[in-house]
Amino acid sequence: AQKITQTQPGMFVQEKEAVTLDCTYDTSDQSYGLFWYKQPSSGEMIFLIYQGSYDEQNATEGRYSLNFQKARKSANLVISASQLGDSAMYFCAMREAKTSYDKVIFGPGTSLSVIP
Amino acid sequence: EADIYQTPRYLVIGTGKKITLECSQTMGHDKMYWYQQDPGMELHLIHYSYGVNSTEKGDLSSESTVSRIRTEHFPLTLESARPSHTSQYLCASSRGYNEQFFGPGTRLTVL
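Residues numbered from 1 in each chain as written. Chains lettered and ligands numbered in written order. Predicted model: local features only at pLDDT ≥ 70, side-chain atom pairs only at ≥ 80, totals over all residues. Heavy atoms only, no water.

Colleague: Pulling in residues and values, what's your account of the overall build of chain B?
Modeller: Looking only at helices and strands, one finds zero helices and 11 strands in chain B. Going from N to C terminus, chain B has its helices and strands arranged as β-β-β-β-β-β-β-β-β-β-β. Relative to its length of 111 residues, chain B is compact, with a C-alpha radius of gyration of 13 Å against a globular reference of 13 Å. Considering only C-alpha atoms, chain B reaches an extent of 40 × 30 × 25 Å along its principal axes. Sequence-distant contacts, at least 24 apart, represent 54% of the contacts inside chain B between residues at least 6 apart. Between the averaged position of the 10 positive side-chain charges in chain B and that of its 12 negative side-chain charges there is a distance of 6 Å. (Helix = DSSP H or I, 4+ residues; strand = E, 2+ residues; numbered from the N terminus. Rg over C-alpha atoms; globule rule 2.2 N^0.38 Å. Contact = heavy atoms within 4.5 Å. Lys, Arg positive; Asp, Glu negative; His and termini not counted. Charge placed at Lys NZ, Arg CZ, Asp CG, Glu CD.)

Colleague: Lay out the overall build of chain A with the relevant residues and their values.
Modeller: Helix and strand content of chain A: zero helices and 12 strands. The helix and strand sequence of chain A, counted from the amino end, reads β-β-β-β-β-β-β-β-β-β-β-β. The C-alpha atoms of chain A give 14 Å as radius of gyration, which agrees with the globular expectation for 116 residues (13 Å, within 12%). In terms of principal-axis extent, the alpha carbons of chain A reach across some 45 × 25 × 20 Å.

Colleague: Describe the sheet that holds strand 3 (residues 19-25) of chain B, listing the residues and the values that go with them.
Modeller: Residue and element names in this part refer to chain B. Overall, antiparallel pairing links the four strands, which are arranged 1-3-8-7 in an open sheet. The outermost strands of the open sheet, each flanked by one partner alone, are strand 1 (4-7) and strand 7 (65-66). Pairing analysis gives two bridges linking strand 7 to strand 8 (residues 76-78), with the strands arranged antiparallel. Each residue of the ladder has a partner; that of Val 66, found in strand 8, is Leu 76. (Pairing = 2+ DSSP bridges.)

Colleague: Now, about the state of the cysteines: what can you tell me, with residues and values included?
Modeller: Under the definition given, this model contains two disulfides over all chains. Disulfide pairing places A:Cys23 opposite A:Cys92 at an S-S distance of 2.0 Å. What sets the handedness of the A:Cys23 and A:Cys92 disulfide is the S-S torsion sign, and at about -65 degrees it is left-handed. Here A:Cys92 lies in strand 10 (residues 88-96) and A:Cys23 lies in the loop between strand 3 (19-21) and strand 4 (24-25), a separation of 69 residues in the sequence. The exposure class of A:Cys23 is buried, given its relative accessible area of 0%. Bridging B:Cys23 to B:Cys91, the disulfide has an S-S length of 1.8 Å. Note on the B:Cys23 and B:Cys91 pair: the S-S dihedral is about -75 degrees, so by sign convention the disulfide is left-handed. A residue pair is termed long-range when its members are at least 10 positions apart, and B:Cys23 in strand 3 and B:Cys91 in strand 9 (residues 87-94) qualify at 68 residues. Look at B:Cys91 and you get buried, because its relative accessible area is 0%. (Disulfide = S-S within 2.5 Å. Buried < 20%, exposed > 50% of the residue type's maximum accessible area, 1.4 Å probe, protein only.)

Colleague: Any chance you could break down the interface of chain B and chain A for me, citing the residues and the numbers?
Modeller: Tallying the contact residues gives 21 residues for chain B and 18 residues for chain A. Applying the counting criterion to the chain B and chain A interface returns one salt bridge. Between B:Asp59 and A:Lys103 there is a salt bridge, with the nearest N and O atoms lying 2.8 Å from each other. At the boundary of chain B and chain A, one finds eight residue pairs in polar contact (both at pLDDT 80 or more). Of all elements in the fold, only strand 4 (31-37), strand 5 (44-51) and strand 9 of chain B reach the threshold of two or more residues within the side of chain B that touches chain A. A per-element tally of the side of chain B that touches chain A places strand 4 of chain B first, with four residues. Grouping the amino acids of the side of chain B that touches chain A by side-chain chemistry returns 10 nonpolar, seven polar and four charged. (Salt bridge = Lys/Arg side-chain N within 4 Å of Asp/Glu carboxyl O. Polar contact = N/O pair within 3.5 Å; in protein donor to acceptor, adjacent residues only side chain to side chain. Nonpolar A, V, L, I, M, F, W, Y, C, P; charged D, E, K, R; others polar.)

Colleague: Explain the pattern of salt bridges to me, and be specific about the residues and the numbers.
Modeller: The final tally for this structure, using the stated rule, is seven salt bridges over all chains. Notably, a salt bridge pairs A:Lys3 with A:Glu96, separated by 3.4 Å at the nearest N-O pair. Placement of A:Lys3 in the segment before strand 1 (4-5) and of A:Glu96 in strand 10 is noted, with a sequence separation of 93 residues between them. We note a salt bridge from B:Asp30 to B:Lys31, for which the minimum N-O separation is 3.8 Å. B:Lys31 sits in the buried class, given a relative accessible area of 6%.

This is the structure in structure tokens:
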């Protein structure tokens, strides 16, 4: 079974608008960490934002914020004021306590295209 | 600036050859990872290591093997390359529970 689900294979957003990329996860652990990465067409993987399962506040990093809803097991990425350079693949990932946080599993990704 | 290196960046090789993909990091990270990724697709974890002399298989069955004799070095070996091994291989490292840093990847083509 998929541990990380990203139901939007492709998304479009107008430049300067906000966009939400969905991520739901499956774990029986109480302690885990969630990550979002960006992969532009050049291929490098860039870390964006992290949310711990015990963090009470939603994580924010500049234009990126994470809408963490623990009971629903969702960790959606919100990008505000989209820029053309935001066009990329976006991956949600998770570490779990039961693997001593060693193992990191990725979701299938969402392709975001920003339209001028 | 993350310091994680992969060589070669591109490799075209014939079926049946033995190949080793190199990955090194200079950050002293304890954990290292190998992922396989086809263009525009998800990353599949094939191997990971949580320290020297510790390696584990990931979720994607792979005919490759890895070793971790030194903290900074995590090579991946294919004893006999096949066309089905054609893909991009990404190496990553992390310290503890923190975010991963990724190398630039090796694009492997097996003819």
